[in-house]
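Residue-level structural notes
Now for the letters of each chain:
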Amino acid sequence: MSSTRKTSSRRQVATPDESLLDAAPIVATSQVSRFHTETLTTLSNDIDLKDVNLIIGQRTLLSEANLRLFHGVHYGLVGQNGVGKSTLLRVLGHKLLAGFPANVRVLFVEQLEGTDMSRPVVRVVMDADHAAARARRELKAVQSALEADDSAEVARVMRGVRMARLKDELRAADKTALERSGARGADARKRLNEQEKRVQDAEAANEEPLSQEEITKAAVEAQELLTELFAAMDLYGEEAAEAKARSILQGLRFPLAWHDRPLGELSGGWRIRVALASALHIEPDILLLDEPTNHLDLPAIIWLQDYLSKLADTTIVTVSHDRAFLNAVADEIVVFKNRKLTYHDGNFDDYLEQTEDKRKYTERMAEAISRKKAAAEKTVQVAMAQARKSGDDKKMAQAASRQRKLERMGMEVNEKGHRFKLNRDRVGFYNSTRDDVDVEKIEQAPTWSIPDPAPLRQAGAIIEVEGVSVGYDKKQPPLVSDVTLNIGQTARIAIVGANGSGKTTLVKALVGDIPALKGQITRHLSAKIGYFTQHHVDELHQYPVETSALSLLLDRDPERREQDCRAHLGKYGIKGSIALQPLRSLSGGQMVRVAFALSTYGSSPHLLILDEPTNHLDYLTTEALIFALKEFTGAVVIVSHDQFFVSEVAEQVYAVRKKKLELLEGGMEDYVRLCRRRKTR
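Here we summarise the structure given alongside this text. (Residues numbered from 1 in each chain as written. Predicted model: local features only at pLDDT ≥ 70, side-chain atom pairs only at ≥ 80, totals over all residues. Heavy atoms only, no water.)

1. Here's the deal with the overall build of the chain
Here is the rule: Under the scheme used here, helices are H or I runs from DSSP no shorter than 4 residues and strands are E runs no shorter than 2 residues, and both carry numbers assigned from the N terminus. The cut-offs for exposure are 20% and 50% of the maximum accessible area for each residue type, with area from a 1.4 Å probe on protein chains only; residues under the lower value are buried, those over the upper are exposed, and the others partly exposed. In what follows, residue pairs with any heavy atoms lying within 4.5 Å of each other are defined as contacts. The method behind every accessible area is Shrake-Rupley, applied with a 1.4 Å probe, and residues are considered shielded solely by the protein chains displayed.
On a plain count of helices and strands, the chain comes out with 21 helices and 19 strands. Here the chain holds 681 residues, and 47% of them are scored as buried. Within the chain, contacts between residues separated by at least 24 positions form 70% of all contacts whose residues are at least 6 apart in sequence. When the accessible surface of the chain is totalled, it reaches about 34,700 Å², and 50% of it is carbon and sulfur.

2. What about the sheet that holds strand β11 (residues 463-470)?
Note the cut-off: When DSSP finds at least two bridges between two strands, those strands are taken to pair. Throughout, an axis means a line fitted to C-alpha atoms (over the contacting stretch in the case of helices), and angles, computed between N-to-C directions, take values from 0 to 180 degrees.
Strand order in the open sheet formed by three strands is β12-β11-β14, and the pairing between neighbours is antiparallel. Sheet topology places β12 (480-487) and β14 (518-523) at the edges, where each strand pairs with a single neighbour. The average undirected angle you get between the axes of adjacent strands in this sheet is 15 degrees. Where β11 and β12 come together, five bridges link them in antiparallel fashion. Each residue of the ladder has a partner; that of E464, found in β12, is N486.

3. As for the pattern of salt bridges
Filter applied, for reference: A carboxyl oxygen of Asp or Glu within 4 Å of a side-chain nitrogen of Lys or Arg is what we treat as a salt bridge.
The full count for this structure, using the stated rule, is 27 salt bridges. Here E242 and R246 are joined by a salt bridge, their closest N and O atoms 3.0 Å apart. A residue pair is termed a helical-turn pair when its members lie 3 or 4 positions apart in one helix, as E242 and R246 do in helix α7 (residues 238-251) at four residues. With a relative accessible area of 26%, E242 lands in the partly exposed category. Between K518 and D482 there is a salt bridge; the shortest N-O distance is 3.9 Å. Placement of K518 in strand β14 and of D482 in strand β12 is noted, with a sequence separation of 36 residues between them. D482 gets classed as partly exposed once you look at its relative accessible area, which sits at 42%. Three or more residues are tied together by salt bridges with common partners; here these are R134, E138, R165 and D168.

4. Focus: the packing of helix α16 (residues 549-556) against helix α17 (residues 562-570)
This is how it is decided: Comment on the angle field: the value is read as roughly parallel under 35 degrees, roughly antiparallel over 145, roughly perpendicular from 65 to 115, and oblique elsewhere. The sense of a crossing depends on the near helix, which, turned anticlockwise from the far helix by less than a right angle, makes the crossing left-handed and, turned clockwise, makes it right-handed. Only Asp, Glu, Lys and Arg are considered charged in this grouping, and only Ala, Val, Leu, Ile, Met, Phe, Trp, Tyr, Cys and Pro are considered nonpolar; every other residue, Gly among them, is considered polar.
Where α16 meets α17, the closest approach of the two axes is 10 Å, and the angle between their N-to-C directions is 125 degrees. Considered as vectors, α16 and α17 are oriented oblique to each other. Judged by the twist between their axes, the crossing of α16 over α17 is right-handed. Contact residues: α16 offers A549, L550, L553 and L554, while α17 offers E562, C565, R566, H568 and L569. A per-class count over the contact of α16 with α17 returns six nonpolar, one polar and two charged.

5. Focus: the nonpolar core
Counted only if it meets this: As used here, the term nonpolar core means buried Ala, Val, Leu, Ile, Met, Phe, Trp, Tyr and Cys residues forming a set that is joined through side-chain atoms within 4.5 Å.
Grouped together as the largest cluster of nonpolar side chains are 88 residues, with contacts concentrated most on L280, L308, W448 and L629. Other than its neighbours up to four places away in sequence, L629 contacts I450, R492, L608, L610, V636, F645 and V649. If you look at the next biggest cluster of nonpolar residues, it comprises 34 residues, including V52, L69, V73 and Y343.

6. What about the packing of aromatic side chains?
The geometry of an aromatic ring pair is captured by the separation of the ring centres together with the interplanar angle, meaning the angle of the planes. The cut-off we apply is this: Pairing of aromatic rings covers Phe, Tyr and the six-membered ring of Trp, with a centre-to-centre limit of 6.5 Å; geometry is then stacked below 30 degrees between planes, edge-to-face above 60, and tilted otherwise.
Inspection of the entire model under this criterion finds seven aromatic pairs. Aromatic pair F348 and Y619: ring centres 4.8 Å apart, planes at 75 degrees, arrangement edge-to-face. Highlighted residues: F348 in helix α11 (residues 348-390) and Y619 in helix α19 (residues 619-631), separated in sequence by 271 residues. Residue class for F348 comes out buried when judged on its relative accessible area of 1%. Judged by its relative accessible area of 14%, Y619 is buried. Consider the rings of W448 and F596, whose centres lie 5.2 Å apart with planes at 80 degrees: the pair is edge-to-face. Of this pair, W448 sits in the loop between α13 (422-425) and β11 while F596 is found in helix α18 (residues 588-599), placing the two residues 148 residues apart along the sequence.

7. Notes on the sheet that holds strand β13 (residues 492-497)
Pairing within the open sheet is mixed, and its six strands lie in the order β15-β16-β17-β13-β18-β19. This sheet does not close on itself; its edge strands, each paired only once, are β15 (529-532) and β19 (660-664). Averaged over neighbouring strand pairs, the angle between their axes works out to 20 degrees when direction is ignored. Two elements, strand β16 (residues 607-611) and strand β17 (residues 635-639), share five bridges in a ladder whose sense is parallel. In the sheet register, L607 faces β17, and the bridge partner there is A635.

8. Things to note about α16
Under the convention used in this document: Arc definition: directions from the helix axis to the C-beta atoms.
All of the buried residues along α16 are A549, L550, L552 and L553. Looking straight down α16, one finds that the buried residues subtend no more than 160 degrees of arc, so they occupy a single side. Lining the buried residues of α16 we find α15 (534-540), α17 and α18.

9. Quick look at α17
For α17, the complete set of buried residues consists of C565, H568, L569 and G570. Buried residues belonging to α17 abut α16 and α18.

10. Quick look at the environment of V122
Following the sequence through the fold, V122 ends up in helix α2 (residues 121-126). V122 sits in the buried class, given a relative accessible area of 5%. A sequence separation of 126 residues divides V122 from I248, and the C-alpha atoms of the two residues are 9.7 Å apart. In this structure V122 touches E242, A245, R246, L249, H259 and D260, once residues within four positions along its chain are discounted.

Next up, the structure:
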């Protein structure tokens, strides 16, 4: 008879994007048999852990959930903002979940940190696979020593190789000791002390002069190591690794000239692409991607989804706000809801369709059972009344028997759709013989209401653009030239294009943040323009730790009543205690909503210009934003790579191509075709 136990892992980690306080302790537990160690080694890359619990601070994210990740399956992980998706990926990526197989290589993109900023981008990507990078370094050092035909130098190189390996093991032991606490942490610290002792002993031994025995032995060891490294080069060859790294960088839209630039010269968005390229280069057993399309333009998104689809031997878990991307990459959808993980075959649209079909089916079943039960109850009541009136005990017994049958009315099929059997489907103690039909409630999108602007007294466009060229340096060619555009009072316009093509520069010129290099921009004298960018979200992280959304609005306008500020925040779903939480503890989607509230605070704009507004928003919040923009009576201009969002909101789609602003008659579908045509060239 086997028994089970639960083990836990705790670590101080910061998780500001999942509504969790910084440095809150994480407890990750799963059910493992008494024969297992804390982490086990298996022959399979499949993950199937029962009773997974995930707690951070005082908040339970998962309770007795089933974590199931099968080899080679590409999963899309969905759930509302703040539910704990990013935290779950971090726990898996750092292997904080007790019972998780030790032999399975897992990579979370954010783990690629601590890189030397002076190193070339292509080298950073190549060396992301530490085993391959070490093999290449060792091969170069051993080959050089053997070719020098100096036995003492060979011995010194072998000392260096052994010392480097011991220090790598020390760093790994140090990382494990920092991540674990309790009994697991004590064991990890014991191993760390042992490894430190080995390093100290090796350093002391290296201080001693070389003996003839060591020199002779080193020559043999060097030849054996060289043979081993040459075999490894079949997998980790320098030329093949560099070609693969450059191919991935090119697919992610890295200019060729940037491949050899130092990492430190790149902006944050491009560094994220380097981290993503490094992850793709490694090809681990399980690849965890958290919003990989953020900071990517549509050509790069299309390349990424095509590349991921080719990784048949890699299990992939993707969290993404981009509905079209999720449809393209997901074989199965994992829904993070009500502290559970549920699994649905197909992509995201398939999941929505299946969920809606199931809901309608259970609604019809509930209605049918309700009608059947009501009719039966009426029949029983009539029969009992007649039996009492006549004093017929036999009829009274028949009525009582029918009454007992009423208690057995409920679900007529089990969870698998098979006919309900009491001895199979109702084992244990229950209050009734059958469950009532459980009609799943429709997930409600957060409330999002953009206040309508006051009507303008004067007619005419809000912004008129004639023959405008934009850029930052008059001595250089403009980024976009000869732009003519009319933004009416009810316009619905989308501007799309590759990163660096000049979309944001054009928008900055429209709102007056930068002057046009050429041409004329005329703005309506009475119209107010609201401008939202991801930069406004980033600025929220710069406020003092204790700053909340409510205190931020009250500080901006001290004469406003707290009730009015709460009402304004409530229009964007920032209600109750959320308005009082520190900004840094809010999820990415909640931060976006706070930034929206700030951009419309005071008086509602007549024109809303939104630059990548759906970054960090879950699908329900994105749908809420779409609905709010459709109801908004003012004009809207969006800059976005989200195909679904653009298709739903925009009536006119303009693409920035070849330094021109071009109207696409076929809308977003035309742009997708243009991107795919360019990819195949």
